[in-house]
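# Observations on chain architecture
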Amino acid sequence: MSKNTEGEVFKFIDQEITRQSEGLELIPSENYVSKNVLRAMGSVLTNKYSEGYPGKRYYGGNQNVDEIEQIAIDRAKKLFKADHANVQPHSGANANEAVYFAWCQPGDTILAMSLPAGGHLTHGSPVTRSAKIYNFVGYGVTEDGDIDYEDMERLAKKHQPKIILVGYSAFMKVPDFERVRAIRDNLKNPESCILMADMAHVAGLIAGGVHENPLEHGFHVMTTTTHKTLRGPRGGLIMSMGTVSNPLHKVDHTIDNLPTLIDRAVFPGTQGGPLEHVIAAKAVAFGEALEPSFHTYAKNIVKNARALADDLKAHNFVLQGDGTENHLILIDVKRSCGIDGKFYEYALDEIGLTLNANSLPTDKGAAFRPSGVRLGTPAMTTRGLGETEMQQIADAMRAVADLCVAAKKACLAPDDLESLKESLDASAPQLKKLRAEIKALAEKFPLPATGAC
Ligand code: DSN
């Protein structure tokens, strides 16, 4: 059967392959997986029910699934130097919820980075289920973009939280994990508080040995997604320190029992049947991350990000934190050239550069028209782009910014996004030329895989 027999869906999958191939992916949380990761995800494992854990399932026929899940667990433990790994969370959000559920009672306080400062929705945004159950208190960042450790310490003293969470989706520094541990150790009852790191954005950098590992600095739990810098399938993962016991048996609520409390919080606490085809793909990705070539990839992500940040600064872009220590860059487009992040995101999309508008800590208004854009280098690094290409991308971004500034000046209703887009139409020939240049550049660096077969 040809892959196009199911015409309606596969037509759009084919179009997505073209979109990904002809453009450059600058969203810092996206990446391209290998053919083996795609093969595992597209396998018959999706046919199987396997509630429970390896060797302890509620269904028969899990002999192969058990082997695969155990490989994934063992590889994750080795990658992150953890005592235990739960590879079943369907997503990073599920992973975070499971940790809260494992350790906290309704109403308990969790201290986390606030969303405007760069934190994540699942770290206490009022629109989430967790925020209705737990009492989230948010710490901020300093003017130079670092965690405001003094704010964190003050809030920890005041609220005596059950979890101190270090994690973010728009932050470009390496956290001082030791300092956070000291804040927790000075609480009135430190044993009632766990240190949790949501390292979804930088897990691949940790695995590649180019970023500090919170588990080596006294953190008790680390959650992550598996599809960002870690370059695996879309999914979640929880690593923990402590004693591993039978997850089907109840254990005391102690920090040493965290691995088991977390296993029970994932299943049956918050999820049902695990996605074993995705777990197989996680196992494959973790195997790839254990290869020496992954270290080179991780090193190059950071090298490319620094080069791109320098090139952008040379083009007079103002960057949050004045640069980057990881894979991620936040541009203050409002301060750089007087336009908003959403308009700039749209214009860059027109030439095949994909990134996302993002709030800055200084933003007060609606998140739909924030002042910044967020970009990063993991996906481009996977495709093999290097410092020379970062320069070309920065040049194109400057050219698009200039066109946006001109479009805004000529626009009669510059506060209206649709009017701004119409005004940009006057620059269609220049945008077309830039799009052709980006396409030519992208096509020099093919995707690692476009299908499972
Ligand atoms: N949505 C992810 C990101 O882009 O950072 C976080 O979950």
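Every chain begins its residue count from 1, and numbering advances along the sequence as written. Local features in this predicted model are restricted to residues whose pLDDT is 70 or higher, and side-chain atom pairs enter the listing and the counts only when it is 80 or higher, whereas totals over whole chains, interfaces and linings include all residues. Values reported for side chains reflect all heavy atoms of the structure, with hydrogen atoms and water molecules removed beforehand.

Two strands form a pair only when DSSP identifies at least two bridges running between them. Helix and strand labels come from DSSP, where a helix needs a run of H or I of at least four residues and a strand needs a run of E of at least two; each type is numbered from the N terminus. Strand order in the open sheet made by the seven strands is S4-S10-S9-S8-S7-S5-S6, with mixed pairing throughout. With one partner strand each, in any of the chains shown, strand S4 (84-86) and strand S6 (135-139) form the two edges of the open sheet. Geometrically, the sheet is characterised by an average inter-axis angle of 20 degrees between neighbouring strands, direction not taken into account. In terms of strand pairing, strand S7 (residues 163-167) meets strand S8 (residues 194-198) through five bridges, oriented parallel. Directly across from Ile163, in S8, lies its bridge partner Ile194. Angles shown run from 0 to 180 degrees and are taken between the N-to-C directions of axes, each axis being a line fitted to C-alpha atoms and, for helices, limited to the stretch in contact.

Distances are taken per atom, and a residue is near a molecule or strand as soon as one of its heavy atoms is within 4 Å of it. All residues adjacent to the ligand are Ser29, His120, Ser169, His201, Lys228 and Arg374. Residues adjacent in sequence count toward polar contacts only when both atoms are side-chain atoms; beyond that, a polar contact is any pair of N or O atoms within 3.5 Å, and within protein one must be able to donate a hydrogen and the other to accept it. Between an oxygen atom of the ligand and a side-chain N or O atom of His120, the distance comes to 2.7 Å. Arg374 places a side-chain nitrogen or oxygen 2.7 Å from an oxygen atom of the ligand. Only the protein chains shown count as covering a residue, and every accessible area follows the Shrake-Rupley method with a 1.4 Å probe. About the coverage of the ligand: the protein hides 65% of its 230 Å² of free accessible area. Among the residues making up the shell around the ligand, the classes are represented as no nonpolar, four polar and two charged. Following the grouping adopted for this structure description, the nonpolar residues are Ala, Val, Leu, Ile, Met, Phe, Trp, Tyr, Cys and Pro, the charged ones are Asp, Glu, Lys and Arg, and the polar ones are all others, Gly among them.

All right, on to the pairing of strand S10 (residues 236-240) then. In terms of residue burial, S10 counts as a mostly covered element, since five of its five residues are buried. Here's how the labels work: a residue is buried when its accessible area is under 20% of the maximum for its type, exposed when over 50%, partly exposed in between, all with a 1.4 Å probe on protein chains only. The two faces of S10 match: Gly236, Ile238 and Ser240 on one face and Leu237 and Met239 on the other face are all buried. Relative to S10, S4 runs antiparallel, the two sharing three bridges. Residue pairing for S10: Asn86 is matched across the bridge by Ile238. Pairing geometry for strand S9 (residues 221-225) and S10, over five bridges, is antiparallel. Its bridge partner being in S10, Met222 is matched across the sheet by Met239.

Taken together, the three strands give an open sheet; going across it, the order is S11-S14-S13, and neighbouring strands pair in antiparallel fashion. With partners counted over all chains shown, the strands left at the sheet margins are strand S11 (328-332) and strand S13 (356-358), one partner each. On average, each strand axis in the sheet is inclined to that of its neighbour by 35 degrees, with strand direction left out of account.

Take it as geometry only, folks, not as evidence of what the structure does.
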